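Listed below, chain by chain, are the residues.
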Amino acid sequence: MFFKDTRSVIPHDILNRMGEPFFTTKENGTGLGIMISKQIIETHNGSVHFWSDEMGTIIEVIIPITSRSFT
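Calculation criteria
- Residues numbered from 1 in each chain as written.
- Predicted model: local features only at pLDDT ≥ 70, side-chain atom pairs only at ≥ 80, totals over all residues.
- Heavy atoms only, no water.
- Pairing = 2+ DSSP bridges.
- Helix = DSSP H or I, 4+ residues; strand = E, 2+ residues; numbered from the N terminus.
- Axes fitted to C-alpha atoms, helices over the stretch in contact; angles between N-to-C directions.
- Contact = heavy atoms within 4.5 Å.
- Salt bridge = Lys/Arg side-chain N within 4 Å of Asp/Glu carboxyl O.
- Buried < 20%, exposed > 50% of the residue type's maximum accessible area, 1.4 Å probe, protein only.

Mind showing me how you'd approach the sheet that holds strand β1 (residues 2-5) here?
The strands that make up a sheet are held in pairs by hydrogen bonds between backbone atoms, and each pair lies either parallel or antiparallel. The antiparallel open sheet is built from three strands, whose spatial order is β1-β3-β2. Edge positions in the sheet fall to β1 and β2 (47-53), since each has one partner strand and no second. Looking at each pair of strands side by side, their axes are set apart by 10 degrees on average, direction ignored. Strand direction decides the pairing type here: β2 and strand β3 (residues 56-62), joined by seven bridges, are antiparallel. Residue pairing in the sheet places S52 in a bridge with T57 of β3. Where helix α2 (residues 33-43) meets the sheet, its contacts fall on β2 and β3, and the angle it forms with β2 comes to roughly 135 degrees.

If you want it as structure tokens, here you go:
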């Protein structure tokens, strides 16, 4: 699954820090939302990838499906 925003471009210096604990661009943010979400996905053997260029930003979330998922 992926999410795409064609209106927003994230600068590379910020993109490289996404998921880093306590890193935020919000005035009142904690910098934990993406980090915790990424940890949950990775705990389930998944992965999260971020891309951004002049065409927009894509966040890709990969979560494998196993036979245990359906029991």
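So much for the structure itself; the text now carries on.
How should the pattern of salt bridges be read in this particular structure?
For side chains bearing opposite charge, pairing can occur when the charged atoms are close. Taken as a whole and judged by the stated rule, the model has three salt bridges. As a salt-bridge pair, D5 and R7 come within 3.6 Å of each other at their nearest N and O atoms. Of the residues examined, R7 reaches a relative accessible area of 75% and is grouped as exposed.

Would you mind showing me how to read the environment of T25 here?
Within the secondary structure layout, T25 lies in the loop between α1 (12-15) and α2. Judged by relative accessible area, T25 falls into the exposed class, the value being 61%. For the pair T25 and I14, spaced 11 residues apart in sequence, the C-alpha to C-alpha distance is 8.4 Å.

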